[in-house]
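Observations on the three-dimensional arrangement
Each chain is listed here by its residues.
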Amino acid sequence: MRVVISPLVPEGEIVTLFEREGELIWAFAPGHITNEAVEVANQQLRHLVGHGLWGQRWGGDQQEPPHRAAS
């Protein structure tokens, strides 16, 4: 899990969530969060994850991200 500043946030939104395999990204629109706040948030998130205080559940009892079917 991490926080970023991204121009990919839809117009009119301040923050949106993106998921990629094994990762949740909080994306803020430019101008709505400072670089310093991003760094502090990411430090806190690393602390939570690193100390087992946050864990992502990918559905049911799974602790791993879902696997995509081969095309």
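My aim in this report is to walk through the structure given alongside it, one point at a time. Computed from a predicted structure; not experimentally measured. (Residues numbered from 1 in each chain as written. Predicted model: local features only at pLDDT ≥ 70, side-chain atom pairs only at ≥ 80, totals over all residues. Heavy atoms only, no water.)

1. Quick notes on the pattern of salt bridges
If the charged atoms of two oppositely charged side chains come close together, the side chains can form a pair. The full count for this structure, using the stated rule, is three salt bridges. With its nearest N and O atoms 2.5 Å apart, the salt bridge here joins Arg 2 to Glu 23. One end of the pair, Arg 2, is in strand 1 (residues 2–5); the other, Glu 23, is in strand 3 (residues 23–28), with 21 residues separating them in the sequence. Taking the relative accessible area as the measure of exposure, Glu 23 reaches 16% and is therefore buried. One salt bridge in this structure joins Arg 20 and Glu 23, with 3.0 Å as the shortest N-O distance. (Salt bridge = Lys/Arg side-chain N within 4 Å of Asp/Glu carboxyl O. Helix = DSSP H or I, 4+ residues; strand = E, 2+ residues; numbered from the N terminus. Buried < 20%, exposed > 50% of the residue type's maximum accessible area, 1.4 Å probe, protein only.)

2. Re helix 1 (residues 35–50)
Its 16 residues place the ends of helix 1 22 Å apart at the C-alpha level, agreeing with the 22 Å of an ideal helix rising 1.5 Å per residue. Within helix 1, the full set of buried residues consists of Val 38, Asn 42 and Leu 45. The buried residues of helix 1 occupy an angular sector of 65° when projected down its axis, which confines them to one face. The outward face of helix 1, more than 90 degrees from its buried face, is lined by the exposed residues Glu 36 and Gly 50. Phi turns positive, to about 70°, at Gly 52, one or two residues after helix 1. (Expected span 1.5 Å × (residues − 1). Arc of directions from axis to C-beta.)

Everything listed here is a matter of geometry and, on its own, says nothing about what the molecule does.
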